[in-house]
Amino acid sequence: MKFKGFLLTVSFLWVEGMAFFPFILSRRKSPDRFFLNHERIHLKQQLELGLIVFYIWYLTEYLIRLARYRKHYLAYLHISFEKEAYQNQGDLDYLKTRTFWAFWKYL
């Protein structure tokens, strides 16, 4: 993926950062490259599904995981989109070789 998103610093953000196509929102002015790679993976996921479908799927999967794990953080970590992003954030070339709908194998 050649598009890298537009980085916006949002100091009052309630999380460390998030992707909302075409933006990467970060609490820090200079986030590290692994954080940026993680969020760019989310941008790619959002491009593939479209924003509305992505967020409906994300929320649905979160609620299912929350019912199973009964803890917010565990539910969040088990969302397929997050599993793909966390597992591959250290591979800075991942987006060059990532297959279409790669998050599917993390369901």
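Since the model is a prediction, treat every value here as computed from it, not as a measurement. (Residues numbered from 1 in each chain as written. Predicted model: local features only at pLDDT ≥ 70, side-chain atom pairs only at ≥ 80, totals over all residues. Heavy atoms only, no water.)

**Student:** Outline the pairing of strand 2 (residues 17-20), supporting the account with residue identities and numerical values.
**Tutor:** Because side chains alternate across strand 2, one face comprises the buried residues Gly17 and Ala19, and the other comprises Met18 and Phe20, none of which is buried. Bridging between strand 2 and strand 3 (residues 23-26) involves four bridges; their strand directions are antiparallel. From the neighbouring strand, alanine 19 faces strand 3, where its bridge partner is isoleucine 24. If you look at the hairpin formed by strand 2 and strand 3, you'll find two residues sitting between the two strands. (Buried < 20%, exposed > 50% of the residue type's maximum accessible area, 1.4 Å probe, protein only. Helix = DSSP H or I, 4+ residues; strand = E, 2+ residues; numbered from the N terminus. Pairing = 2+ DSSP bridges.)

**Student:** Tell me about the nonpolar core, residues and numbers included.
**Tutor:** If you look at the biggest cluster of nonpolar residues, it comprises nine residues: Leu49, Phe54, Tyr58, Tyr62, Ala75, Tyr76, Ile79, Phe81 and Phe103. Those residues in contact with isoleucine 79 that lie beyond four places of it in its chain are Tyr58, Glu61, Tyr62 and Arg65. (Core = buried A, V, L, I, M, F, W, Y, C linked by side-chain atoms within 4.5 Å. Contact = heavy atoms within 4.5 Å.)

**Student:** Go over the side chain of serine 80, please, and point to the residues and values.
**Tutor:** Positionally, serine 80 belongs in helix 4 (residues 80-88). Discounting residues that sit within four places of it in the chain, serine 80 has contacts with Trp57, Glu61, Phe103, Tyr106 and Leu107.

Spatial relationships are all this shows, so hold off on functional conclusions.
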